[in-house]
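# Reading the structure
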Amino acid sequence: MRIFTAIPFTLFTLLIYNGFAFTTAATVPDFWGQPVFTWAMVSGATFELLASDLLIAVGLFFLFIEIMKATRIGTTALLDHMFSVFVFVAYLVEFLTIPQAATSVFFILTMIALIDVIAGFSISITGARRDVSFGQPELR
């Protein structure tokens, strides 16, 4: 069961993007620029949430969850960090080699995956440094 808690949430944005990029976005021109919903504001302006904006917001939410997961210690946390690196490499390879991934949306999702990797290791190292004392007597 630990393996399922080690799965990075940034993988889900990769799967969502690919699901749309290779099906719906392939047939609908400017799919990522389509409004998901429109809201009339009190100011009289109209707010439009685009499909690309929604996916980036979901990616940022998943990044928040990943940063919270990075505070854990143990083998599950280590697996989570390793899988996060694999997910980032998948993003990077796909961005460089697949035409459907050559969009600004995918680039931002790739940067979110990179931040997940860097933040995960940084938080874990900082937490581990606090748990270990080298040659200092315990203060009572």
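Residues numbered from 1 in each chain as written. Predicted model: local features only at pLDDT ≥ 70, side-chain atom pairs only at ≥ 80, totals over all residues. Heavy atoms only, no water.

In this section: the overall build of the protein chain. Along its length, the protein chain carries 6 helices and 2 strands. In sequence order, the secondary structure elements of the protein chain are arranged as α-α-α-β-β-α-α-α. Sorting the 140 residues of the protein chain into buried and exposed places 31% on the buried side. Counted over contacts in the protein chain with a minimum sequence separation of 6, partners at least 24 positions apart contribute 62%. (Helix = DSSP H or I, 4+ residues; strand = E, 2+ residues; numbered from the N terminus. Buried < 20%, exposed > 50% of the residue type's maximum accessible area, 1.4 Å probe, protein only. Contact = heavy atoms within 4.5 Å.)

Here we take up a nonpolar patch on the surface. Taken together, the side chains of Val 36, Phe 37, Trp 39, Met 41, Phe 47 and Leu 54 present a nonpolar region at the surface, about 560 Å² in accessible area. It is strand S1 (residues 35–40) that contributes the most residues to the nonpolar patch, 3 residues altogether. Examined against the element boundaries, Val 36 turns out to sit in strand S1. (Patch = residues over 30% accessible without salt bridge, like charges linked within 9 Å, V, L, I, M, F, W, Y side chains within 5 Å. Areas by Shrake-Rupley, 256 points an atom, 1.4 Å probe, with all protein chains shown as cover. Salt bridge = Lys/Arg side-chain N within 4 Å of Asp/Glu carboxyl O.)

As a rule of thumb, soluble globular proteins bury nonpolar side chains together. Tyr 17, Trp 32, Leu 55, Tyr 91, Val 105, Phe 106 and Leu 109 are the most contacted members of the largest nonpolar core, which has 20 residues in total. Sort the elements by how many residues they give to this core and helix H6 (residues 104–131) lands first, with 6 residues. In this structure Tyr 91 touches Thr 10, Thr 13, Leu 14, Phe 106, Leu 109, Thr 110 and Ala 113, once residues within four positions along its chain are discounted. (Core = buried A, V, L, I, M, F, W, Y, C linked by side-chain atoms within 4.5 Å.)

Contact geometry of helix H2 (residues 10–21) with helix H4 (residues 51–69) gives a least axis separation of 8 Å together with a crossing angle of 160°. On the basis of the axis angle, H2 is roughly antiparallel to H4. Only Leu 55, Val 58, Gly 59, Phe 62 and Glu 66 of H4 make contact with H2, whose side of the interface consists of Thr 10, Phe 12, Thr 13, Ile 16 and Tyr 17. (Axes fitted to C-alpha atoms, helices over the stretch in contact; angles between N-to-C directions. Parallel < 35°, antiparallel > 145°, perpendicular 65-115°, else oblique.)

Tracing the backbone through its elements, the reader meets Asp 116 in helix H6. One buried charged residue, Asp 116, forms no salt bridge at all, with the nearest opposite charge on Lys 69 at 7.5 Å. At 3.1 Å, the side chain of Asp 116 forms a polar contact with the side chain of Ser 84. Setting aside anything within four residues of it in sequence, one finds Asp 116 in contact with Pro 8, Thr 10, Leu 63, Glu 66 and Ser 84. (Lys, Arg positive; Asp, Glu negative; His and termini not counted. Polar contact = N/O pair within 3.5 Å; in protein donor to acceptor, adjacent residues only side chain to side chain.)

In this section: unusual backbone geometry. Positive phi is not limited to glycine here, since Asp 30 has a value of about 55°. Examined against the element boundaries, Asp 30 turns out to sit in the loop between helix H3 (24–27) and S1.

Our focus in this paragraph is the pattern of salt bridges. Scanning all chains against the criterion turns up 2 salt bridges. Across the pair Lys 69 and Glu 66 runs a salt bridge, and its minimum N-O distance is 3.0 Å. Taken as a pair, Lys 69 and Glu 66 lie in helix H4 at a separation of 3 residues, close to a single helical turn. Side by side, Lys 69 and Glu 66 carry an identical accessibility label, which is buried. Note that Lys 69 and Asp 80 form a salt bridge whose closest N and O atoms lie 3.6 Å from each other. Taken together, the residues Lys 69 in helix H4 and Asp 80 in helix H5 (residues 75–97) connect sequence positions 11 residues apart. Overall, Lys 69 belongs to the buried group, its relative accessible area being 11%. Residue classification places Asp 80 among the buried residues on the basis of a relative accessible area of 2%. Salt bridges sharing partners connect three or more residues here, namely Glu 66, Lys 69 and Asp 80.

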